[in-house]
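The primary structure of each chain is shown beneath.
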Amino acid sequence: MKDTLDRATVIEAKGLDLAFQTADGPVQALKDVTLTVGRGEFVSFIGPSGCGKTTFLRAIAALETPTGGMLSVNGMTPDEARRARAYGYVFQAAGLYPWRTIAGNVKLPLEIMGFPRAEQDRRVAQVLELVDLAGFGKKFPWQLSGGMQQRASIARALAFDADILLMDEPFGALDEIVRDRLNEELLKLWARTGKTIGFVTHSIPEAVYLSTKIVVMSPRPGRITDVIDSPLPQERPLDIRDSREFIEVAHRVREGLRAGHSYEV
Amino acid sequence: MRLVVPILTVVAAIVALWYAGSVWMNSQWTLDQAARNKQTLSFTQIVRDTMDQKRPVLPAPHQVAEGLWQGVFGQAVTSKRSLVYHAWITLSATLLGFAIGAGLGVLLAVGIVHNRAMDMSVMPWAIASQTIPILAIAPMIIVVMASIGVTGLFPKAVISAYLSFFPVVVGMVKGFRSPDAMQLDLLRTYSASRAQTFWKLRFPASMPYFFTSLKIAAAAALVGAIVGELPTGAVAGLGARLLSGSYYGQTVMIWSALFMAAIVAAAMVGVIGALQAVTLKRMGMRQ
Ligand SMILES: Nc1ncnc2c1ncn2[C@@H]1O[C@H](COP(=O)(O)OP(=O)(O)OP(=O)(O)O)[C@@H](O)[C@H]1O
Ligand SMILES: [Mg+2]
């Protein structure tokens, strides 16, 4: 919550529209989306299925092209920002290459971006440490649990020092217990690295627990119904989820989701 | 070990059926002979005779086994009567054609995956090429190449290549396209070039498809080389053995050559399978 205003703007969307051309005519995935994300913020996108969360994240990563409005990342177009290595992207599935070891997978972006050999090894060791996978570098993906694989994919996104981390339901396929642990670790990682994180989720507690800013979206056409700046402190133990503030924020998110739905009826 | 019993059971069943078939199909000749000589034969006599004819309609398994044994171990491998000699003639054309076909197949697949025009244009022609019966095309290839002075190994290899490139094209296009949209998107977020996408993702992802299509291509290449030996009346090669066997009614010779071809094909597929196992293991991929 504190001083969002004097933070440098990292992601800025103004009146963003995005329509997909399909066989049955255009699908309006995003309609008039306006949002500003400051440096070092943790922003969650929450909303029912099909409200355009993924599409918005992909547009930021220049994987989709908006059909209207303005979108800038670090003051550049998303395309330019990508070439400047502005973001790491974490997909719902870890998507590790089965023919590469964990270290080899983390090294993939470094090889593609042409980092020197010694630097590659140094960074791999460093980010594996960061996600608590030191010592697993020589293992192959199938030798790791789903949660560990997802941590490896986060390490891969961190390896080249992008200052924006975009995560599309990264823990969606994991069970609740593993998820809690990873959420806690993600918060620590965020505190240590100071990255700006865009995080898509279906879970209200997850969104409230993690974020400094919660963006509530509604479908058909996908738009933002509420933006909540979290009053929770930076330091967040897991049991903060029983605090009054937490429950209040969660309540407001739920209200926002309900309001979004009433449009359809 | 547990597999041995079922496998042996099936083999035994096939051999038994084969013997029954031999008796049934060869007995006509035995009975005709007997009638001509005004003899009557007991069942045991009939059976014994059908097992041991010079030109049986269907040679008994032990006759084929003996023909195979004689052909492989009964002569110097350089002898014109050695099956090893003939198998080598065919195999050398097969290997050359297989190498050309597999190489061409991979190159075409790379083109198809990277170039829209090739994607639209090459596949239909590749499919069309395989709908033409090889027996119709083989003589033309042999004759045309002979007329420009190319004879022997190479024309046969061309026919082998003609048959073997197709499974490789189909398999490799599928293999190169096997990475899903998410994996391609991931590389896009790194601004990877097409060459990087190919070498880092498409190529390694295609490996299981590569070996599978090579196995099919190897068998097809062998068929191509044998067919290539038929229209010229070639004097050497398994195809030549099949041809002269049928000229002289030497059914045992035909069957021995057929089994030799099967052994050669099995050996090639086996070698490719071993390479596959080693490569995929090296790559850390479980099979
Ligand atoms: N490539 C595409 N072509 C056509 N329509 C698409 C495409 N991608 C998404 N859509 C449509 O755009 C809308 C928003 O999709 P999106 O994937 O962004 O939703 P989401 O909020 O991420 O949903 P979920 O929670 O299920 O992941 C949906 O109606 C979807 O059908
Ligand atoms: Mg989604």
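All of these numbers come straight from a predicted model, not from anything done at the bench.

1. Topic: the overall build of chain A
Within chain A, the regular secondary structure consists of eight helices and nine strands. Taking the principal axes of its C-alpha atoms as reference, chain A extends roughly 55 × 45 × 40 Å. In chain A, of all internal contacts separated by at least 6 residues, the share reaching a separation of at least 24 is 70%. In the structure as shown, chain A presents an accessible area of about 11700 Å², 52% of it carried by carbon and sulfur atoms. Across chain A, the 33 positively charged side chains and the 34 negatively charged ones have centroids separated by 5 Å.

2. Some remarks on the overall build of chain B
Regarding its fold elements, chain B presents twelve helices and zero strands. Overall, chain B is about 90 × 55 × 35 Å in size when its C-alpha atoms are taken along their principal axes. Counting the 287 residues in chain B, one finds 45% classified as buried. For chain B, the computed accessible surface area is about 15600 Å², with 70% contributed by carbon and sulfur atoms. Between the averaged position of the 21 positive side-chain charges in chain B and that of its 8 negative side-chain charges there is a distance of 8 Å.

3. Quick look at the confidence of the model for chain A
Residue and element names in this part refer to chain A. Of the residues in chain A, 95% have a pLDDT of 70 or more, and the chain-wide mean is 86. The lowest-confidence element of chain A is helix 8 (residues 244-262), averaging 80 in pLDDT; the highest-confidence one is helix 3 (residues 102-113), averaging 94. Every residue in residues 1-5 is under pLDDT 50, and counting partners more than four places away or in other chains gives six contacts.

4. Points about the site of ligand 1
Residue and element names in this part refer to chain A. Close contacts around ligand 1 come from Phe 20, Thr 22, Ala 29, Ser 49, Gly 50, Cys 51, Gly 52, Lys 53, Thr 54, Thr 55, Glu 169 and His 202, and that covers them all. One of the side-chain nitrogen or oxygen atoms of His 202 is found 2.8 Å away from an oxygen atom of ligand 1. Starting from 630 Å² of accessible surface for ligand 1 in isolation, the protein chains cover 63%. Residue assignment for the shell around ligand 1 shows that the elements contributing at least two residues are strand 1 (9-22) and helix 1 (53-60).

5. Observations regarding the environment of B:Val64
All names here are of chain B. Within the fold, Val 64 resides in helix 3 (residues 61-73). The spatial distance from the C-alpha of Val 64 to the C-alpha of Phe 259 is 8.4 Å, given a sequence separation of 195 residues. Leave out the neighbours within four places in its chain, and Val 64 touches Trp 18, Pro 59, Trp 255, Ser 256 and Phe 259.

6. Remarks on the domain arrangement of chain A
Residue and element names in this part refer to chain A. When cut into domains, chain A gives domain 1 (9-86 + 163-260) and domain 2 (97-161). A straight line from the C-alpha centre of domain 1 to that of domain 2 covers 25 Å. At the junction of the two partners, domain 1 supplies 15 residues and domain 2 supplies 14 residues. Summed over both partners, the interface of domain 1 with domain 2 buries about 1200 Å², with 67% contributed by carbon and sulfur atoms. Our enumeration of links across domain 1 and domain 2 arrives at one salt bridge.

7. Here we look at helix 1 (residues 4-36) of chain B
All names here are of chain B. For helix 1, built from 33 residues, the straight-helix expectation of 48 Å at 1.5 Å per residue is met to within 8% by its first-to-last C-alpha distance of 48 Å. Within helix 1, the axis deviates most sharply at Ser 27, by approximately 40 degrees. Where helix 1 is concerned, the buried positions are Trp 18, Gly 21, Ser 22, Val 23, Asn 26, Ser 27, Thr 30 and Ala 34. Considering only its buried residues, helix 1 is in contact with helix 2 (43-50), helix 3 and helix 12 (251-282).

8. Re the packing of helix 11 (residues 238-247) of chain B against helix 12 of chain B
Residue and element names in this part refer to chain B. Running from N to C, helix 11 and helix 12 point in directions that differ by 160 degrees, and their axes come no closer than 8 Å. Of the possible angle classes, the one that applies to helix 11 and helix 12 is roughly antiparallel. For the element pair helix 11 and helix 12, the recorded crossing hand is left-handed. The residues of helix 12 that touch helix 11, namely those facing Leu 238, Arg 241, Leu 242, Ser 244, Gly 245 and Ser 246, are Met 253, Ile 254, Ala 257, Leu 258, Met 260 and Ala 261. Residue composition of the contact of helix 11 with helix 12, grouped by class: eight nonpolar, three polar and one charged.

How each quantity is defined
Residues numbered from 1 in each chain as written. Chains lettered and ligands numbered in written order. Predicted model: local features only at pLDDT ≥ 70, side-chain atom pairs only at ≥ 80, totals over all residues. Heavy atoms only, no water. Helix = DSSP H or I, 4+ residues; strand = E, 2+ residues; numbered from the N terminus. Contact = heavy atoms within 4.5 Å. Areas by Shrake-Rupley, 256 points an atom, 1.4 Å probe, with all protein chains shown as cover. Lys, Arg positive; Asp, Glu negative; His and termini not counted. Charge placed at Lys NZ, Arg CZ, Asp CG, Glu CD. Buried < 20%, exposed > 50% of the residue type's maximum accessible area, 1.4 Å probe, protein only. pLDDT = per-residue confidence, 0-100. Near = heavy atom within 4 Å. Polar contact = N/O pair within 3.5 Å; in protein donor to acceptor, adjacent residues only side chain to side chain. Domains from an automatic or database assignment. Buried area = accessible area lost by both parts, 1.4 Å probe. Salt bridge = Lys/Arg side-chain N within 4 Å of Asp/Glu carboxyl O. Expected span 1.5 Å × (residues − 1). Bend = angle between axes of the 7 residues up to and from the residue. Axes fitted to C-alpha atoms, helices over the stretch in contact; angles between N-to-C directions. Parallel < 35°, antiparallel > 145°, perpendicular 65-115°, else oblique. Left-handed = near helix turned anticlockwise from the far one by under 90°. Nonpolar A, V, L, I, M, F, W, Y, C, P; charged D, E, K, R; others polar.

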